[in-house]
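The chain contents come next:
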Amino acid sequence: MRVLGVDPGLTRCGVGVVEGVAGRPLTMVGVGVVRTPPDAELGHRLVAIEQGIERWLDEHRPEFVAVERVFSQHNVRTAMGTAQASAVAMLCASRRGIPVALHTPSEVKAAVTGSGRADKAQVGTMVTRLLRLDAPPKPADAADALALAICHIWRAPAQNRLQQAVAAHRTLKGRTA
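Residues numbered from 1 in each chain as written. Predicted model: local features only at pLDDT ≥ 70, side-chain atom pairs only at ≥ 80, totals over all residues. Heavy atoms only, no water.

### Notes on the pairing of strand β2 (residues 12–19)
Move 1: Of all eight residues that make up β2, six are buried, and the element is covered over most of its length.
Move 2: In this structure, strand β1 (residues 2–7) lies alongside β2, joined through six bridges in antiparallel fashion. By the bridge assignment for β2, Asp 7 is matched with Gly 14.
Move 3: What sits between β1 and β2 in their antiparallel hairpin is a turn of four residues.
Move 4: In this sheet, strand β3 (residues 27–35) lies alongside β2 in antiparallel orientation, the contact comprising eight bridges. Paired with Val 18 across the bridge in β3 is Met 28. (Buried < 20%, exposed > 50% of the residue type's maximum accessible area, 1.4 Å probe, protein only. Helix = DSSP H or I, 4+ residues; strand = E, 2+ residues; numbered from the N terminus. Pairing = 2+ DSSP bridges.)

### Some words on the sheet that holds strand β4 (residues 64–68)
Move 1: Taken in spatial order, the five strands line up as β3-β2-β1-β4-β5 in an open sheet, and their pairing is mixed. Where the open sheet ends on each side, the last strands, each with one partner, are β3 and β5 (100–103). Taking each pair of neighbouring strands and ignoring which way they run, the sheet shows an average axis angle of 20°.
Move 2: Across the sheet, helix α1 (residues 42–60) lies against β1, β2, β3 and β4, angled at about 160° from β3, the strand it touches most. (Axes fitted to C-alpha atoms, helices over the stretch in contact; angles between N-to-C directions. Contact = heavy atoms within 4.5 Å.)

### Here we look at the packing of α1 against helix α2 (residues 76–95)
Move 1: Following both chains from N to C, one finds α1 and α2 inclined at 40°, their axes separated by 9 Å at the closest point. Here α1 is positioned oblique relative to α2, judged by the angle of their axes. Seen along the crossing, α1 lies across α2 with a hand that is right-handed. On α2, the residues that touch Leu 42, Leu 46, Ile 49, Glu 50, Ile 53, Glu 54 and Leu 57 of α1 are Gln 84, Ala 85, Val 88, Ala 89, Cys 92, Ala 93 and Arg 95.
Move 2: Along the lines of polarity and charge, the residues of the contact of α1 with α2 split into ten nonpolar, one polar and three charged. (Parallel < 35°, antiparallel > 145°, perpendicular 65-115°, else oblique. Left-handed = near helix turned anticlockwise from the far one by under 90°. Nonpolar A, V, L, I, M, F, W, Y, C, P; charged D, E, K, R; others polar.)

### Some details on helix α4 (residues 120–130)
Move 1: Those residues of α4 not exposed but buried are Val 123, Gly 124, Val 127 and Thr 128. The arc that holds every buried residue of α4, seen down its axis, measures 135°, which confines them to one face. Exposed and facing more than 90 degrees away from the buried side of α4 are Ala 121 and Arg 129.
Move 2: With a side-chain oxygen lying 3.1 Å from the backbone nitrogen of Ala 121, the N-terminal cap of α4 falls on Asp 119.
Move 3: Of the residues one or two after α4, Arg 132 is the one with positive phi, at around 55°. (Arc of directions from axis to C-beta. Polar contact = N/O pair within 3.5 Å; in protein donor to acceptor, adjacent residues only side chain to side chain.)

Structural data, given as structure tokens:
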């Protein structure tokens, strides 16, 4: 499974591609950051993020895109920018028919470090270990994008089984009604 992880942000949008399956060693395919100038118009920044994500989709051909779920933040302006960048990533993937999964920051931290309250340094350290890298990816947005992809690879099999069980239950329930 090849997953593009996206850590959305207007100034720095982390992107990272990981390949592998749960229970086996994972491989980093690529990592980077799509940057936009903070003083540019919002519309131009969103277009720049779209173009950057499209380049990553073209180059790496992921089977899934995992995006950080925008969660309550104290700074509404930051939350809005993050949500807008997140929507661009989801749009780019959906336009191509690539399934999108949303994971909360605490889900990602728990999957990668074992604690949903881990800090950025702990996430970077574990991403480095899990992908057998020489050093943590910089900036932290890039490491977070890889963590999102890892989280999805590890969680997808269980999520798929749950979805299949729900669908089977609905089918069975429909037959008895």
